[in-house]
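In case you want the letters, here they are:
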Amino acid sequence: MNVTKFLDQADSIRVGIVESNHLLPLQLGERYSSLAELLATENPIATIQSLDTDAPVPIDDSIRWLPPIDDQEVWAAGVTYKRSQTARMEESEAAASCYDRVYQADRPELFFKATPHRVSGHKQPLRIRSDATWNVPEPEITLVLSPQFQIVGLTVGNDMSSRDIEGENPLYLPQAKCYDQCAGLGPWITLFDTLPEMSALRVDLKIERDSHVVFDQQTSGAEMARSFEDLVGWLSRDNSMPSGAFLMTGTGIVPSNEFTLHADDLVHISIAGIGTLSNPIVQA
Ligand code: DO4
Ligand code: MG
């Protein structure tokens, strides 16, 4: 089951089930007031199935998608794929040994990525920092966590990153990662009773510039050096998240060093079995 948020014709924020060619707006009733509350129930799929829906809304270009987040925190893991380790070691002489060690260490790299207001949904802009010169999207399988740290679903994530800032000094990581419009999530959350095999989670990153594809690469969750459960176990240590959280699980695709994003590029990230998140790139 896929669920998301969107703006209806009256400009009201709605939660809806996504079916192949239409959205079914949910009537949340008196009991629930947000998608996050549905995700926090013991069985989100059963809870959502128990709700009434309004008339179907056809999915076409007029749908105003919103990121499927309310008041959850957004966290991210780093250096969980060999490709990310290699790329970080190339970009930062000062921190090369840190990236090498963290790839192999028990404790993963986990960092705070974004508050909800910094997150863009499907078709909404993502930003290149005005003070950065080397920027990339990071396509990441993203876990949707309940307040009890249950993985209730998956979504597509884009961990926008300024490689020149993070490469200059590892202490600049929060500035390379967390700023307005720094994170993409969506177009919806796919809820699972049982998660798919890692090898089924194929990830594709496509970047379009002036209507030409200038980058297209694939990886899969099977290339990840850590398990989802391991990452969640570390994230939840001495850390409560009363509204739940999103955890981006790291990138396995990093474009070669001469590549940087431009304003007006279009970034498409697809994860098999989940969906495709597309965002135009802007620079203030
Ligand atoms: O420390 C650098 C960040 C790494 C990251 O975001 C990733 O591997 O996805
Ligand atoms: Mg990342």
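Residues numbered from 1 in each chain as written. Chains lettered and ligands numbered in written order. Predicted model: local features only at pLDDT ≥ 70, side-chain atom pairs only at ≥ 80, totals over all residues. Heavy atoms only, no water.

A. Expanded view of the packing of aromatic side chains. Taken as a whole and judged by the stated rule, the model has three aromatic pairs. Centre to centre, the rings of Trp65 and Trp188 are 5.8 Å apart; their planes meet at 55 degrees, and the pair counts as tilted. Of this pair, Trp65 sits in strand 5 (residues 64-66) while Trp188 is found in strand 14 (residues 183-191), placing the two residues 123 residues apart along the sequence. Neither Trp65 nor Trp188 differs from the other in exposure class; each is buried. Seen in terms of ring centroids, Phe215 and Phe259 are 5.9 Å apart; in terms of plane orientation they differ by 45 degrees. Their pairing is tilted. Note that Phe215 is positioned in strand 16 (residues 212-220) and Phe259 in the loop between strand 17 (245-248) and strand 18 (266-271), a separation of 44 residues in sequence. (Phe/Tyr/Trp six-rings, centres within 6.5 Å; stacked < 30°, edge-to-face > 60°. Helix = DSSP H or I, 4+ residues; strand = E, 2+ residues; numbered from the N terminus. Buried < 20%, exposed > 50% of the residue type's maximum accessible area, 1.4 Å probe, protein only.)

B. Expanded view of the nonpolar core. In this structure, Leu38, Leu145 and Leu154 are the most contacted members of the largest nonpolar core, which totals 67 residues. When residues are assigned to domains, this core turns out to be shared by domain 1 (2-66) and domain 2 (73-283), each giving three or more. Residues contacting Leu38, with those up to four places away along its chain left out, are Val15, Leu26, Leu28, Tyr32, Pro44, Thr47, Ile48 and Leu51. (Core = buried A, V, L, I, M, F, W, Y, C linked by side-chain atoms within 4.5 Å. Domains from an automatic or database assignment. Contact = heavy atoms within 4.5 Å.)

C. View of the pairing of strand 6 (residues 73-78). Across the six residues that make up strand 6, a large majority, five, are buried. Looking at chain direction, strand 6 and strand 17 are connected through four bridges and run parallel. Across the sheet, Trp75 pairs through a bridge with Leu247, a residue of strand 17. The pairing of strand 6 with strand 7 (residues 109-114) spans five bridges and is classified as antiparallel. Within strand 7, the residue paired with Ala76 across the bridge is Phe111. (Pairing = 2+ DSSP bridges.)

D. Highlighting the coordination of the magnesium ion (ligand 2). Ligation of the magnesium ion (ligand 2) by protein atoms is provided by Glu138 (OE), Glu140 (OE) and Asp159 (OD), these donors lying 2.0 to 2.1 Å from the ion. Site description for the magnesium ion (ligand 2): donor spacing in sequence, E-x1-E-x18-D. (Donors = N, O, S within 2.8 Å, 3.2 Å for Na, K, Ca; no water.)

E. Region of interest: helix 7 (residues 228-235). Every buried residue of helix 7 is listed here: Phe228, Leu231, Val232, Trp234 and Leu235. Summarising the axial view, the buried residues of helix 7 lie within an arc of 160 degrees, below the 170-degree limit, and thus occupy one face. On its buried face, helix 7 is in contact with strand 6, strand 7, strand 11 (139-145), strand 12 (151-159) and strand 17. (Arc of directions from axis to C-beta.)

F. View of the environment of Leu154. Its location among the elements puts Leu154 in strand 12. On the accessibility criterion, Leu154 (0% relative accessible area) is buried. Along the sequence, Leu154 and Ser130 sit 24 residues apart, while their C-alpha atoms lie 31 Å from each other.

G. Fine view of the site of ligand 1. Near ligand 1 lie 16 residues; those nearest to it are Val79, Ser84, Glu109, Lys177 and Thr251. The separation between an oxygen atom of ligand 1 and a polar side-chain atom of Glu140 is 3.0 Å. Thr251 places a main-chain nitrogen or oxygen 2.9 Å from an oxygen atom of ligand 1. Surface burial for ligand 1 is 100%, taken as the share of its 280 Å² of free accessible area covered by protein chains. Mapped onto the shell around ligand 1, the elements with two or more residues apiece are strand 6, helix 3 (82-91), strand 7 and helix 6 (173-177). Residues that form the shell around ligand 1 fall into these classes: five nonpolar, four polar and seven charged. (Near = heavy atom within 4 Å. Polar contact = N/O pair within 3.5 Å; in protein donor to acceptor, adjacent residues only side chain to side chain. Areas by Shrake-Rupley, 256 points an atom, 1.4 Å probe, with all protein chains shown as cover. Nonpolar A, V, L, I, M, F, W, Y, C, P; charged D, E, K, R; others polar.)

H. The domain arrangement of the protein chain, seen in detail. Taken domain by domain, the protein chain consists of domain 1 (2-66) and domain 2 (73-283). Centre-to-centre separation of domain 1 and domain 2, based on C-alpha positions: 26 Å. Every contact between the two is made by 14 residues of domain 1 and, on the other side, 17 residues of domain 2. Summing both sides of the interface, domain 1 and domain 2 together bury roughly 1300 Å²; the carbon and sulfur share of this comes to 63%. If you sort the residues of domain 1 by the area they bury against domain 2, Asn2, Leu39 and Trp65 come out on top, with a joint share of 43%. For the pair domain 1 and domain 2, the number of links is one salt bridge. Of the charged contacts in the structure, one is a salt bridge between Asp61 and Lys123, with a shortest N-O distance of 3.7 Å. Put simply, domain 1 and domain 2 have three residue pairs in polar contact (both at pLDDT 80 or more) between them. Taken together, the elements giving at least two residues each to the side of domain 1 that touches domain 2 come down to strand 1 (2-7), helix 1 (35-39), helix 2 (44-49) and strand 5. Of the residues belonging to the side of domain 1 that touches domain 2, the class tally is 11 nonpolar, two polar and one charged. (Buried area = accessible area lost by both parts, 1.4 Å probe. Salt bridge = Lys/Arg side-chain N within 4 Å of Asp/Glu carboxyl O.)

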